[in-house]
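# A look at the structure
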Amino acid sequence: MSTMLSVTNLTHRFGQTEVLTDVNLDVEEGEFLTFLGPSGCGKTTTLRAIAGFLTPSEGRVMLDGEDVTALPPYRRPVNMVFQQSTLFPHLDVGENIAFGLRVAKVPRAERHTRMLEALELVRLGGFERRRTTELSGGQRQRVNLARAIINRPKVLLLDEPLSALDLKIRLEMEVELRRLHRELGSTFVYVTHDQREALALSDRIAVFNHGEVVQCDTAEAIYREPESQFAASFVGDANVFEITVNSADDHAVTTDDGLRLPVTGHAGASGPHWLVVRPEDVRFEPAGGTLEAVIIDAAFRGSSLTYRAECASLRTTVKAEIPDDLEASPVDSIVTMTWSADRARLLVRD
């Protein structure tokens, strides 16, 4: 695969405030890359720099081998889908979709053919004469997608396109986006603050925090092997324990409080660390073990039970997600918590 999009040393300031700091990313042709992070972390600013809506203070943007940093948006081989609908209310669905081709003076017959093809791709065949006011929120976003892909951009940019939709429609649109990405084979760059959405859609995820990319990897790698306390906490649910390691072997670490905690591959480690354990990896055993805890809350979630347990030795509340086919533990009961050593993650705490 070749690199379709490259962002190098991207830095941007609004006045004296630096909102992007030395962002470096390469996106392969046909890849689905998601920018994930909290509000104000720099992900949309990076997307706008790629689209050409702002010129970065420093750095460059390369698209298919061409430096486009100084080019205006209309001269870049990209199209953007926004959070809110941007359809023209005085035009019908077909006219909205074909608008860009009309501006580009594409012949009428070709415009019509490509418009119908785009409608079929977004599963809205036969809607070309509908008024946009007659569409649901999900249908309007499909029309926005059709209008974005009809120009056959090399890169499709999507800025939180599902955030204004209710949950049921969002889940349906996620399926459609994955299908559309497969059928088009185009490069997608997607922005969201919803970590569940990012995990469901992406080939890779770039996790942003305070204007920097703190980790860029596959969804599974970030979930199972986070490189920072922020990535562990933001991508999926996690128990993050603040510990000081006194000694360690290949199977566990011993803290300065004398706790022996299961984790593999850190022989010789010492000093301040974070220990990351996902809730679904926590298991309960009879009371009397090292990590005794009191169940303070339990909630049935269909296929699992979600618990919160107060652990005095760790000085924190621990979250656990236990399959519902295992014996339930009632509130106020005392249990011993454990987890498999190969499912825990130890991170140096600066």
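Read on for an overview of the structure. Here the structure is a predicted model, which is why all the values come from computation and not from measurement.

On to the overall build of the protein chain. Each helix and strand counted, the protein chain has nine helices and 20 strands in total. Principal-axis analysis of the C-alpha atoms places the extent of the protein chain at approximately 80 × 45 × 40 Å. Buried residues in the protein chain amount to 49% of all 350 residues. Contacts in the protein chain between residues at least 24 apart in sequence constitute 65% of all its contacts with a sequence separation of at least 6. Approximately 16600 Å² of the protein chain is accessible, and the part contributed by carbon and sulfur atoms is 48%.

Below, the discussion takes up the pattern of salt bridges. The final tally for this structure, using the stated rule, is 19 salt bridges. With a shortest N-O distance of 3.5 Å, Arg 224 and Glu 280 are connected by a salt bridge. Linking Arg 224 in helix 8 (residues 219–224) with Glu 280 in the loop between strand 14 (271–277) and strand 15 (283–286), this pair joins segments that are 56 residues apart in sequence. Classification of Glu 280 as partly exposed rests on a relative accessible area of 23%. With its nearest N and O atoms 3.2 Å apart, the salt bridge here joins Asp 281 to Arg 343. With a gap of 62 residues between them, Asp 281 in the loop between strand 14 and strand 15 and Arg 343 in the loop between strand 19 (334–338) and strand 20 (345–348) connect regions that are remote in the sequence. On the accessibility criterion, Asp 281 (11% relative accessible area) is buried. Residue class for Arg 343 comes out partly exposed when judged on its relative accessible area of 38%.

Analysis parameters
Residues numbered from 1 in each chain as written. Predicted model: local features only at pLDDT ≥ 70, side-chain atom pairs only at ≥ 80, totals over all residues. Heavy atoms only, no water. Helix = DSSP H or I, 4+ residues; strand = E, 2+ residues; numbered from the N terminus. Buried < 20%, exposed > 50% of the residue type's maximum accessible area, 1.4 Å probe, protein only. Contact = heavy atoms within 4.5 Å. Areas by Shrake-Rupley, 256 points an atom, 1.4 Å probe, with all protein chains shown as cover. Salt bridge = Lys/Arg side-chain N within 4 Å of Asp/Glu carboxyl O.

Bear in mind that shape data such as this cannot, by itself, settle questions of function.
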